[in-house]
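Structure assessment
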Amino acid sequence: MAFLGSAVRRVVLAVRPPLSPLCRTSARSYSSEPTKEKNVPYEKTLKQEVQASSGPTKPLPRSADAVVIGGGSLGCQTIYHLAKMGMTNVVLLERDRLTAGTTWHTAGLLWQLRPSDVEVELLAHTRNVISKDLEEETGLHTGWIQNGGLFIASNKQRLDEYKRLMSLGKVYGIESHVLSPAETKDLYPLMNVDDLYGTLYVPKDGTMDPAGTCTTLSRAASARGATVIENCPVTGIQVRTDDLGVKRVKAVETPHGTIETPCVVNCAGVWATKLGEMAGVKVPLIAMHHAYVVTERIEGIQNMPNVRDHDASVYLRLQGDALSVGGYEQNPIFWDEVSDKFAFSLFDLDWDVFMQHIEGAINRVPNLEQTGIKSTVCGPESFTADHKPLMGEAPEVRGFFLGCGFNSAGMMLGGGCGRELAHWIIHGRPEKDMYGYDIRRFHNSLTDNKHWIRERSHESYAKNYSVVFPFDEPLASRNMRKDPFHQVLTEQGCVFQERHGWERPGWFNKEGPAPVKDYDYYGAYDMKKNVNYKYNELLGKEYTFDFPPHHDVIKSECLSCRHGVAVFDMSYFGKFYLTGPDAKKAADWLFTADVNKKPGSTVYTCMLNKRGGAEADLTVSRLEPGAANLPLAPESNGDAYYLAIGGGVAEHNWNHIRTVLQDQDFRCQLTDHSEDMGMISIQGPKSREVLQEVLDTDLSNEAFPFSSHKVVNAAGHQVRAMRLSFVGELGWELHIPKDSCLPVYHAVMAAGAKHSIINSGYRAIDSLSIEKGYRHWHADLRPDDTPLESGLAFTCKLKSSIPFQGRDRLEKQKEEGLRRRIVCFTIDEKVPMFGLEAIFRNGVPVGHLRRSDYGFFIDKTIGYGYIRNPDGGVVSADFIKSGEFTLERMGVTYKAKAHLKSPFDPENKRVKGIYA
C-alpha cells in the first residue's frame, strides 16, 4: 500500500529531466479500465449503467425549440431550468452516458462565499436546487451532504480576504465565523494549527454527488416534458444565412438523424471547442489534467468540514471516513490531443506535478503521512483565460449559446448558471449581471488566439488560490493591443493595466520605466523566470487591503487634474459609426437619451435591454452628412452618429447594438474604427489655456459649449475635439487619427509645460469619477440596474413620446416607485474600501458597496451601493435621510454619511468652466 508520506519522499528522490510546456502534454497515457489505483470515490457512477447497445436511448424528434449538447452538470442543469421555465420541447444529447466527460470525476465541493455578489447568488441557487428543490420535486436524494467548509489563513492578508467574504455574506444571510487557531483545533482536532493565523468557518457549505445530481436533474426535466437522449454523438451543426446576411442555427446532425432547431446550447465541456468549430464559433478554452487522490480510512475524520488551504494550494474534501486531496499547481499538464473516445476515463497521475499538494495536506493534517492512498483521480477539465465560464449567445452565430469552460466549478456553479442560461435562451438576456461570464467580454481578436488562451489559462489556473486583491493585473499575454502612445508613455514610467487586450495607463511611476515583459510561466516547465522585473515588483506592492505605497502618486495625479491640468490616454475606447437609411430610427430605439439634436452635439446616454437594465453607457455624437473623411467621419447623406464607448466593454456594446439592429430589421451599418484612432483627454481648470494654443478654434463657453464637438486642426493635424469630462472638470477629448497621435500629444505637452501639465492614468480616473458621482458600467451600473435606480433618469427621454427599448419597464417602475436605488456614502476614517462592503441601515443589512475609492479633493473614502427597504417597500429620499448608516469592512463597522447627490461640485459648475 502506498502512503502519502512515502509518496512525497519517493518523488523527492526521483530524478527526472524537466519537461517543456509543449512536450509535457504529449506523453501521457489514459485508460478507461477501472482499477483499484485509478478510480473515483463515489459509490455509484453512471458508467456502471453502460449498455451493450450503441444506439441512442430514445428516438430523435424531428425538431426542437432548443438542443442542449453535453450531459454533464451544465447540460443537465440547463435542460432542467428550461423545462421549469416552460420550454418543454427541448432535447439533451449526450454522446455517451450522463456525466461521462468530466462531471463524473469532479470533487463536487460547494463553497457559498466568493469575492463577487453575483457568484454568491449563483451558488445560493445551486445549493437550493441540490439540497431542496430536486428532492421536493422528485422524492430522490441528490447526494448533498452539508458538512461545512473551513478556509485556512496562514497570514493576515489571507484572513483579511476571508473577513471581506464574511461581511458580504451578512448581506445574503450566509452564516460564517472567523475562528482563532485554538477554536479551529476544537472544530477539527486532527488539524495542525501551529502555523495558522485564523480560519473562516461556513457551517452550511457542503459536497455534491455528480451521478446523483445529474440523474435527478434528468428525471425532473423529463417529468416536465424534456427529452434526454444518451449514446447520441453530434456530428455537425447546420447554419443558415438569413435575408439580412445574419448566420443562424438551423439544425443538429447526428449519426441517427437530424433535429431541426433554432437554438443549440454548447455544454460540451472539454469538447466545446470542437463543437463550436462545427458552427464556425470560437470557444476560447483549453483542457488540462486536474487531479486528486483518495485516502484510506482516517480515524476521527468523520463529519469534519471540507478544508481549503489556499496558501498551500490544497483542498481536503471529506469522503465518508476518508479524504480527497487536490489543488491547483504552478505546472499543470495541458491536454492538447483531446480525444472523442474519452468517456468515464482517467489519466495516470503524474506524481512530480501532484507532490506539492501532498506536502500541503500532510502539513495541515499530519495523520495523513501514515495514511494509505486508496485511488488516484486525474481527469481532464476545461479552463479559460480568466478562470470564469463561457456563457451566452456566440457573436458569430445567432441561436448558438455557450455553457462551458467552468474551470472545474461546473457542479458548484451549475444550478445558478443553468437558470441564467435558460433565461438567456428564452428571454434574450439573463436575469442577473452575467457580463463576467459572457463570451462577449473577450475581444474577437483574442478568442481564437491560441497563444493568448494558453498563457492566460495557465496563469489563471496557477493563481486560482491566490488572494484576490483589488488592483491585480495579469502577467500573461500582455501587449496584445497597444495604442500609438504606448512607447512614449512607457518611457515616462507608465504602469499599464490590461483591459480587453489593450494596454491602458494605470498610473505613472516616478522612478522610471516599468515595461511589461513576456510571460515566464512563473518559472514552471523549466522556463527561465524574469529577473529585475520592475512591473511585477510594483504589482506586488499592490497586494494589500490597505492603501498601496503609491497612494500619494495617485493623489498627486488627481489633485493636478483638480487644480491644474492633466492628460489621460483613453485610446482603448471603442469608436463606432452608425449610418444608413434607418440610422435615426435605430438611434431613437437604441439610446435612452434624445441624441437627435443638431449636428455637432454630443449626448451621454444609456442603452437598455428589454427589462430596462443598462447594457451600456456611452456618448453619442451627431455628425454632419457629407463625404467620407475617415477615420474622423464616415460617408453619409443622411443621419450619422459617432459612438464612443469604454474600451473594456466595446465588444459587448458592439454585439448588443448589432443584435438590436438585427432583431428590429433596421437597415444600418455599424463600423468599428477603434484601432484607427487614438484619444487623449485634457482635463482641469487650465485645460482651456493649454488647448487654446494647440487647436485652431475658439474654446470659449459660447463658441464651444459643453456636450458639443467639432473637427478642428491641432498642430497641423485634423482631430475631432469634444467638450466632455469623465472626471468632473473643464476639459476636452481629442479623437486623433493614428498617424497624427504623437505629434498632437507632443504639442499638447509642450503647450502645457508652463502650466505643469502631467500624464495621468485610470487609477486617477477611478478616483476622480467616483468623487464626481459618475458611473462605471459593470461596477455601479450593470444590466440588472435601471437608469432610474442608478440615478441616471436624466439620460432618459421619458418626457418625449419617442419609444426606446426598455421604456415600458422604466415607466412601470416610475409609477410603482423604486424598490432599490443607488446611494453615495462617505466615511471619516482614513481606511480604504474596494466594494463588497456591507451596508447597514439602523443595524439591518440593506445592501453592499458596488464600487469604492478614495476621493482626494474631499479627502474621504467614497462608496456607492444599491440599498433596499428590508420591508420590501419603496426606497424614498426620506428612507435614506432618516436612516443611520454604517459600512462593514472586514468585520469592522464604520459610521457612514449617506448622500443623495455627489458631495463634490453638486451644482455641476466645474465642467462648465465655472471655478470659484
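Note that residues are indexed from 1 along each chain, following the sequence as it is written. Confidence filtering applies because this is a predicted model: local features only for residues at pLDDT of at least 70, side-chain atom pairs given and counted only at 80 or more, and all residues used for totals across whole chains, interfaces and linings. Computation of side-chain values covers all heavy atoms of the structure but excludes hydrogens and water.

Keep this limit in mind: UniProt positions are given in the numbering used here, feature names are shortened, and annotations may be inferred rather than shown by experiment.
The name recorded for the protein chain in an unreviewed UniProt entry is Sarcosine dehydrogenase, mitochondrial, from Seriola dumerili. What UniProt states about the protein chain under its Pathway (unreviewed entry) heading is, verbatim, "Amine and polyamine degradation; sarcosine degradation; formaldehyde and glycine from sarcosine: step 1/1."

**Quick notes on the domain arrangement of the protein chain**
Selection rule: Boundaries of every domain are those given by an automatic assignment or by a domain database.
What the domain assignment lists for the protein chain is domain 1 (66-104 + 210-284 + 387-437), domain 2 (144-207 + 288-375), domain 3 (469-544), domain 4 (569-766) and domain 5 (801-911). The gap between the C-alpha centroids of domain 3 and domain 5 is 34 Å.

**Re the UniProt feature "domain: FAD dependent oxidoreductase" (unreviewed entry) in the protein chain**
Going by this rule: Segments assigned H or I by DSSP are reported as helices when at least four residues long, segments assigned E as strands when at least two residues long, and all are numbered from the N terminus.
Residues annotated in UniProt with the feature "domain: FAD dependent oxidoreductase" (unreviewed entry) correspond here to residues 65-424. With 30% helix and 27% strand, the stretch residues 65-424 has end C-alpha atoms that lie 14 Å from each other.

**Some thoughts on the nonpolar core**
So the rule is basically this: Residues belong to one nonpolar core when they are buried, are Ala, Val, Leu, Ile, Met, Phe, Trp, Tyr or Cys, and are joined through side-chain atoms within 4.5 Å. Exposure classes here rest on a 1.4 Å probe applied to the protein chains alone. A residue is buried below 20% of its type maximum, exposed above 50%, and partly exposed in between.
In this structure, Leu 93, Tyr 188, Phe 400, Cys 417 and Phe 568 are the most contacted members of the largest nonpolar core, which totals 183 residues. With 8 residues, the top contributor of residues to this core is helix α9 (residues 410-427).

**Considerations on the sheet that holds strand β29 (residues 669-672)**
Where strands meet in a sheet, backbone hydrogen bonds hold them as pairs that are either parallel or antiparallel. Formally: Two strands make a pair as long as DSSP finds a minimum of two bridges between them. To define axes, lines are fitted to C-alpha atoms, for helices over the stretch in contact only, and angles between the resulting N-to-C directions are given on a 0 to 180 degree scale. When checking whether two residues touch, look at their non-hydrogen atoms; a contact exists if any pair is within 4.5 Å.
Read across the open sheet, the 5 strands follow the order β26-β27-β28-β25-β29; overall the sheet is antiparallel. Single-partner strands in this sheet number two, and they are β26 (602-608) and β29. Neighbour-to-neighbour, the strand axes of this sheet turn through a mean angle of 30°, independent of strand direction. The sheet contact formed by strand β25 (residues 574-579) and β29 spans 4 bridges and is antiparallel. By the bridge assignment, Tyr 577 is partnered in β29 with Thr 671. Sheet contacts for helix α14 (residues 583-590): β25, β26 and β28 (641-645); angle to β25, the most-contacted strand, approximately 125°.

**A look at the packing of aromatic side chains**
To keep things clear, this is the line we draw: To pair, rings of Phe, Tyr and Trp, with the six-membered ring standing in for Trp, must have centres within 6.5 Å; the planes then decide the type, stacked if under 30 degrees apart, edge-to-face if over 60, and tilted in the middle.
This structure, assessed with the given rule, holds 34 aromatic pairs. Ring geometry for Tyr 521 against Tyr 525: centres 5.6 Å apart, planes inclined by 75°, an arrangement best described as edge-to-face. You can call Tyr 525 buried: its relative accessible area is 5%. Among the aromatic residues, those joined into a ring-pair cluster are Phe 334, Tyr 519, Tyr 521, Tyr 522 and Tyr 525.

**Points about helix α10 (residues 450-462)**
The cut-off we apply is this: By this rule the span expected of a helix is its residue count minus one, scaled by 1.5 Å. Each polar contact in these results corresponds to two N or O atoms within 3.5 Å; when the atoms are within protein, one needs to be able to donate a hydrogen and the other to accept it, and residues that are neighboring in sequence are counted only if both atoms are side-chain atoms.
Given a rise of 1.5 Å per residue, 13 residues ought to cover 18 Å, and the 18 Å separating the end C-alpha atoms of α10 matches this to within 8%. With 11 of its 13 residues buried, α10 lies for the most part within the structure. When α10 is considered as a whole, its buried residues turn out to be Trp 452, Ile 453, Arg 454, Glu 455, Arg 456, Ser 457, His 458, Glu 459, Ser 460, Tyr 461 and Ala 462. Lining the buried residues of α10 we find β14 (286-295), β17 (322-327), β19 (373-383) and β22 (494-499). Among the residues of α10, the N-terminal cap falls to Asn 449, whose side-chain oxygen and the backbone nitrogen of His 451 are separated by 3.1 Å.

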